[in-house]
Amino acid sequence: MSSASGALPQPRRGRPGPWPPAPPPQPQAQPLSWAKRTGFQSRVSGESLPSASAPNSGQVPLPRPVEAPADLESGPPRARPNSVLPPPPAAAAATRNGERRQPPPPPPQPRTRRRDSDGGRPNGQAAAPSLPQLQEEEEEAPERPAHVKYELRDSPGLFPLVIYGFQHYISMVGSIILIPLVMVPAMGGSADDTAAVVSTVLLVTGMNTLLHMFIGTRLPLVQGPSFVYLAPALAIINSQEFFGLNDNNFKHIMKHLQGAIIIGGAFQVILGYTGLMSLFLRLINPVVVSPTVAAVGLSFFSYGFAKLGTCIEMGILQLLMVVIFALYLRKIKLFGYRVFLIYAVPLGLGITWAIAFVLTATGVYSYKGCDANIPASNNVSAFCRKHVLRMKSCRVDTSHALRSPPWFRFPYPLQWGTPVFSWKMGLVMCVVSVIASVDSVGSYHASSLFVATRPPTSGVVSRGIGVEGVSTVLAGLWGTGVGSSTITENVHTIAVTKMGSRRAVGFGAILLLFLSIVGKVGAFIASIPDVLVAALLCFMWAMLCALGLSNLRYSATGSSRNSIIVGLALFLSLSVPSYFQQYGVHPSANLSVPTYFQPYIVASHGPVHTGSGGVNYVLNTLLSLNMVIAFLVALILDNTVPGGRQERGLYVWSESEAAKRESAFVKDYELPFKIGRAFRWVKCVGL
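Note that the structure is predicted; figures quoted are calculated from it, not measured. (Residues numbered from 1 in each chain as written. Predicted model: local features only at pLDDT ≥ 70, side-chain atom pairs only at ≥ 80, totals over all residues. Heavy atoms only, no water.)

Caption draft 1: A look at helix H13 (residues 382-394). Between the first and last C-alpha of H13 there are 19 Å, a value that for 13 residues agrees with the 18 Å anticipated at 1.5 Å per step. Its axis deflected by about 35° at valine 388, H13 carries its strongest bend there. Residues Cys384, His387, Val388, Met391, Ser393 and Cys394 constitute the buried set of H13. The elements touched by buried residues of H13 are helix H10 (312-328), helix H12 (344-361) and helix H19 (530-549). (Helix = DSSP H or I, 4+ residues; strand = E, 2+ residues; numbered from the N terminus. Expected span 1.5 Å × (residues − 1). Bend = angle between axes of the 7 residues up to and from the residue. Buried < 20%, exposed > 50% of the residue type's maximum accessible area, 1.4 Å probe, protein only. Contact = heavy atoms within 4.5 Å.)

Caption draft 2: How the structure looks around the pattern of salt bridges. Using the criterion set out here, one finds six salt bridges in the structure. Across the salt bridge formed by glutamate 313 and arginine 390, the nearest N and O atoms sit 2.6 Å from each other. Here glutamate 313, found in helix H10, pairs with arginine 390, found in helix H13; they are 77 residues apart in sequence, far enough to count as distant. For aspartate 638, the salt bridge identified is with arginine 561, shortest N-O distance 3.0 Å. With aspartate 638 in helix H22 (residues 626-640) and arginine 561 in helix H20 (residues 560-582), the pair connects residues that are 77 residues apart, well separated along the chain. Judged on exposure class, the residue aspartate 638 and its partner arginine 561 are both buried. Here the residues in one salt-bridge network are Arg561, Asp638 and Arg648, joined through shared partners. (Salt bridge = Lys/Arg side-chain N within 4 Å of Asp/Glu carboxyl O.)

Caption draft 3: Representation of unusual backbone geometry. If you check the backbone angles, arginine 218 has positive phi at about 70° while not being a glycine. In this fold, arginine 218 is placed in the loop between helix H4 (191-215) and strand S3 (223-225). On the basis of relative accessibility, which here comes to 10%, the residue arginine 218 falls in the buried class. Within the chain, leucine 414 stands out as a residue other than glycine whose phi angle is a positive 60°. Residue placement: leucine 414 occurs in the loop between H13 and helix H14 (423-450).

Caption draft 4: Spotlight on the nonpolar core. Counting 134 residues, the largest nonpolar core has Met183, Ile284, Ile528 and Phe631 as its most contacted members. When residues in this core are grouped by element, the largest group, 14 residues, is from H19. Among residues more than four places away in sequence, those in contact with isoleucine 284 are Val289, Val438, Val441, Phe631, Leu635 and Tyr651. Counting seven residues, the second largest nonpolar core, distinct from the first, contains Leu552, Ile565, Val566 and Leu570. (Core = buried A, V, L, I, M, F, W, Y, C linked by side-chain atoms within 4.5 Å.)

Caption draft 5: Main features of the packing of helix H3 (residues 173-186) against helix H5 (residues 230-237). Axis separation between H3 and H5 bottoms out at 10 Å; the angle between their running directions is 10°. As summarised for this structure, H3 and H5 are arranged roughly parallel, according to the angle between their axes. In this structure, H3 uses Ile179, Met183 and Ala186 to contact H5, whose residues at the interface are Leu230, Ala233, Leu234 and Ile237. (Axes fitted to C-alpha atoms, helices over the stretch in contact; angles between N-to-C directions. Parallel < 35°, antiparallel > 145°, perpendicular 65-115°, else oblique.)

Shown next as structure tokens:
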């Protein structure tokens, strides 16, 4: 019998049952899983697209975490007083004749591709932070995550392995080779010395990258010469005790640099393998990392355009070429690849270098009776003194780097002599190694999301920092002039090339090992004109600053607290070092030092005056480094000013015990060849 509309349902005859009908059992609240607590997504783009043809990297599909308020960890949300909660759809089924009827299924929704900016919640926040350099312009739905073609453990195959491995390093060529081109001339080295240091850098970069892939974090991160170490290295090069050297300036200064780098690397080894880094991670978050890394790029503003201006037309042309390729032509694809975006630096350098060669050959930069290889101070003619600097900067035939170096040269440890250890220079490098570790922490977290894996545990991070310390010690033994660290631009390279396979990065590292023994390769790089190097560095340092600030996407960017902290850290990182660098400097002092190197001679005239010359050296040098001031200001303010976890944007690291139970995580980060079993007693070596 049917009941009238609005009447109470009558029980059916012949079927005993409770009155009124018992409600269906409600599902018990399940404890939050590891994925929901950390906000991890197996596909970083926010959805898992199954594909039978896509290679499997061992990722376990996890449910999308439910958007929840900031206090999600305290338990399920509770109803507010005097509020009415609507019944869940499953419990709100219509009833008729005493029978419960299931609601009609919702109409099928068309499957649409989710934009990258709507991706997963890497920090479990309600609003998903956007990842940089994602392909928001893709027309077709990809089979893999929108911003990665090959994940961490994928094997692309032999031919793609060669192509992608070579591509990964070519796109980072500016970060790898440009530091020696700045340092060696500042040390009084010749073109042959520059070629030798470049070959050494290629060898150490390949060797340290393989070391990090096997016993470090095992993420596809290149370990090479870091811009973090450039400013303190220039400060040591311009120390007062090195003024007036005439013979073997380069080797004498390099031996002091080697000693300082080895001390800094040893301190970083202790920081990583003793577990101190795990404790230090509690103080490090995006609000600290962002201004620190950005200050590294901003600290070289006095060098960039000042050096570029020595041949203004070629320098501007070089800078414009890189900007046009990286920005205006970034969407153009050739053979399925965004060639201009990936190879912006080498393409811009090659074209501008060719134009400079043509202008040199046609005599545009030739002045009658003048020789570019004669210093301006030795020229008798006022006409030549006026144009000799322009000739040296604009011409491409002033470097003799390609003539004398042999075809094959094997860089070896202590090739410049026995390192000289100085406690004051070593102490400066110890502090800088902490800054390099902070820089690497941000790279570890961002790169893990880009390669579609879980963030590493604090133990894996400590293991990576310890290996970076070993890499810095090796860089000091071989004599690269700077320490080794995770190249920050590597994160941008992974996002652009969409290559997250560590096999491809490892193959590229092997290529660097072979190229390092070919002497003419280093000589060719050493012959790049200085003005083109300065123009490329303007772009690289600007990108480094932007990559540093992009870490703020993990925090509440609209927070006035974070804005004030980051703003203060950046402003004081420019203002305080400027005070130290200009203190006691007279306009006519140190004329032998170029104007763009004068900020690094602060140790001889800084405002700190104590009874110890070594203490004066350390304090005046450290407080004149932009990144040190940015780090100290951001670290103190962020850890003392009240702020919630979601507002501060604390990095979410994987929990060790929970991660060990997931086979995909273990395969991603476990040491190969069962090496980890021999070091179970060392907490920081395991997961």
